[in-house]
Amino acid sequence: MNILEIIEKKRNKNELTKQEIEFFINGYVKEEVADYQVSALVMAMFLNGLTKQETTYLTLAMANSGEILDLSKLDKIIVDKHSTGGVGDKVSICLLPLVASIGVPVAKMSGRGLGFTGGTVDKLNSIPGYKTDIDINSFVKNVDNIGISMISQTINLAPADKKLYALRDSISCVENISLIASSIMSKKIASGADKIVLDVTCGKGAFMKNIDDAKLLANEMIEIGRLVDRETVCVLTNMDEPLGYAVGNNLEVIEAIEFLKGSMPQDLKDVVLELGSHMINLAGLGENLEENKVKLLENIKNGNGFKKFVEMVKNQGGDIAFLQDVDKFPKAKYIKPVVAIKEGYIYEMNAEDIGKVACNLGAGRVKKEDVIDYTVGIKLCKKVSNKVLQGECLAYVYANDVKSLELSISKLQDIIKIGDNKIERLSTIFGICR
Ligand code: URA
């Protein structure tokens, strides 16, 4: 067997065997297969598709490419959460300390930004001192001691996915159901989850642009979960406009801190409560989803969710002074408004386009080795369906150079669309698949 034959086979639209997929994945991790060969193979997979069988083999090969975490000694049901990606998606940072404060143990391995979407790891790294790259023993110890740890994929869990994830991002091969499903499920299997709750985003700022594709992706992941005996629940959520108001790394962390302190944008609140209620249910801590939502809101009100977040950040070396006073976070050099050129109602704010503006400001990567600028991004002042007056602020751009500042302002002026009639907002939760 050799990699050229495998590339040729997929290029010619034939189905790969388990052995061929394992050969490719193991060779890639051991660096016996070159990046450019993997690029060619991944592009062939992207264009010609993978069967369900190939997707399962790919998932398991990636999950088995490193260690599989055994969390059974914690003697609790571990419920993991993951999102298929979005713009302004700070859900994990709001949700996971909150559910941990209710007693759901959280052992979460997050990803970097991908394409035009942000990544939880980049956001967490914007908290000075916070270490996302800790070893496996410390990770498990943290979950055991305080009930939560959030880390990056730097430890030896699903290393094949880590490499492929960054590669797919740099060769424009992200939006593919099989590649997304195998990427997410391999990480969840390797990180020792017993049960899994997935936020399957759908809309202009998601990789799945319509509900039919979002359901296909959800069902593919549920099926993989069933094969490996990990009950999986998918919540289909709206990602047409950015979630909440902030897009960009430390801006989103600040919004998450304010959320945990009680200032909750409605769409973000809807997603956090829906996912959280299923996590509590799967953990065996509450069957009634509505009652679970009440428990989550109580822990916002009594401050326990925020306290858990502070505990986690401290435990992983972060400077909690920034959480207590968000004004301490470094700011971009230029913060300028985008103003409405006419009066009316906002009828569209394409989240993908806004994500790309944030990326070009430096909040995301164009090449996989690019360094993120944590301070830049966009802070929206309005949401879809809001009324605006002429001259009113639509958003603020946070930039560190004049050229990208001006370009972003002019792009946002086009992206934020104002019409004469008020439109109804779509609901944030589209449905549940299990
Ligand atoms: N999140 C992941 O972990 N992988 C993908 O491919 C997309 C979103």
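Scope of this entry: the structure provided in the associated data block. (Residues numbered from 1 in each chain as written. Predicted model: local features only at pLDDT ≥ 70, side-chain atom pairs only at ≥ 80, totals over all residues. Heavy atoms only, no water.)

Let's shift gears to the overall build of the chain. Looking only at helices and strands, the chain has 17 helices and 13 strands in total. Against the 2.2 N^0.38 benchmark of 22 Å for 434 residues, the chain shows a C-alpha radius of gyration of 21 Å, consistent with a compact globule. When the backbone C-alpha atoms are referred to their principal axes, the chain occupies close to 65 × 45 × 40 Å. Classification of the 434 residues of the chain by burial places 59% in the buried group. The contacts of the chain with a sequence gap of at least 6 include a subset with a gap of at least 24, amounting to 78%. Element-wise, carbon and sulfur atoms account for 49% of the exposed surface of the chain, whose accessible area totals about 17,300 Å². Here the chain contributes 54 positive and 58 negative side-chain charges, whose respective centroids are spaced 3 Å apart. (Helix = DSSP H or I, 4+ residues; strand = E, 2+ residues; numbered from the N terminus. Rg over C-alpha atoms; globule rule 2.2 N^0.38 Å. Buried < 20%, exposed > 50% of the residue type's maximum accessible area, 1.4 Å probe, protein only. Contact = heavy atoms within 4.5 Å. Areas by Shrake-Rupley, 256 points an atom, 1.4 Å probe, with all protein chains shown as cover. Lys, Arg positive; Asp, Glu negative; His and termini not counted. Charge placed at Lys NZ, Arg CZ, Asp CG, Glu CD.)

Another aspect to go through is the nonpolar core. Ranked by size, the top nonpolar core spans 52 residues in total, and within it Val200 and Ile378 carry the most contacts. Sequence-distant contacts of Val200, defined by excluding residues within four places in its chain, comprise Thr84, Ala214, Leu217, Ala218, Met221, Cys234, Val235, Leu236 and Thr237. Listed in part, the 49 residues of the second largest apolar core include Val106, Ile127, Val272 and Met279. (Core = buried A, V, L, I, M, F, W, Y, C linked by side-chain atoms within 4.5 Å.)

Relative to the 18 Å expected for 13 residues at 1.5 Å per residue, helix H16 (residues 351–363) spans just 15 Å between its end C-alpha atoms, considerably shorter than the ideal helical length. For H16, a buried count of 10 out of 13 residues is recorded, marking the element as mostly surrounded by other parts of the structure. For H16, every residue scored as buried is listed here: Ala351, Glu352, Ile354, Gly355, Val357, Ala358, Cys359, Leu361, Gly362 and Ala363. Packing partners of the buried residues in H16 comprise strand S6 (246–247), helix H11 (249–260), strand S8 (344–349), strand S9 (377–380), strand S11 (393–399) and helix H17 (402–415). The backbone nitrogen of Glu352 has a side-chain oxygen 2.9 Å away, supplied by the residue at the start of H16, namely Asn350. (Expected span 1.5 Å × (residues − 1). Polar contact = N/O pair within 3.5 Å; in protein donor to acceptor, adjacent residues only side chain to side chain.)

Turning our attention to the sheet that holds strand S5 (residues 231–238). Within the open sheet, the four strands sit side by side as S1-S4-S5-S13. Their pairing is mixed. Only two strands of the sheet have a single partner each, and these edge strands are strand S1 (79–83) and strand S13 (429–433). Each adjacent strand pair in this sheet contributes to an overall mean axis angle of 15°, direction not counted. Sheet strands in contact with helix H12 (residues 266–282) are S1, strand S4 (195–202), S5 and S13, and its direction is about 160° off that of S4. (Pairing = 2+ DSSP bridges. Axes fitted to C-alpha atoms, helices over the stretch in contact; angles between N-to-C directions.)

Right, let's talk about the packing of aromatic side chains for a bit. In the structure shown here, the tally under the stated rule is one aromatic pair. Between Phe322 and Phe329 the ring centres are 5.3 Å apart and the planes differ by 70°, which places this aromatic pair in the edge-to-face class. Residue Phe322 is classed as buried on the basis of its relative accessible area, which comes to 12%. The buried category is assigned to Phe329, whose relative accessible area is 2%. Across the ring face of Tyr28, the terminal group of Lys163 is positioned such that the distance to the ring centre comes to 4.4 Å. Here Lys383 stacks its cationic end above the ring of Tyr245, 5.5 Å away from the centre of that ring. (Phe/Tyr/Trp six-rings, centres within 6.5 Å; stacked < 30°, edge-to-face > 60°. Lys NZ or Arg CZ within 6 Å of the ring centre and 35° of its normal.)

Packed helices, taken two at a time, are described by the angle their axes make and the gap between the axes. The geometry of helix H2 (residues 18–29) relative to helix H4 (residues 52–63) is characterised by a closest axis approach of 9 Å and an angle of 40° between their N-to-C directions. Crossing of H2 over H4 shows right-handed handedness. The segment H2 lies against H4, with Lys18, Ile21, Glu22, Phe24 and Ile25 engaging Glu54, Tyr57, Leu58, Ala61 and Met62. Broken down by class, the residue content of the contact of H2 with H4 amounts to seven nonpolar, no polar and three charged. (Left-handed = near helix turned anticlockwise from the far one by under 90°. Nonpolar A, V, L, I, M, F, W, Y, C, P; charged D, E, K, R; others polar.)

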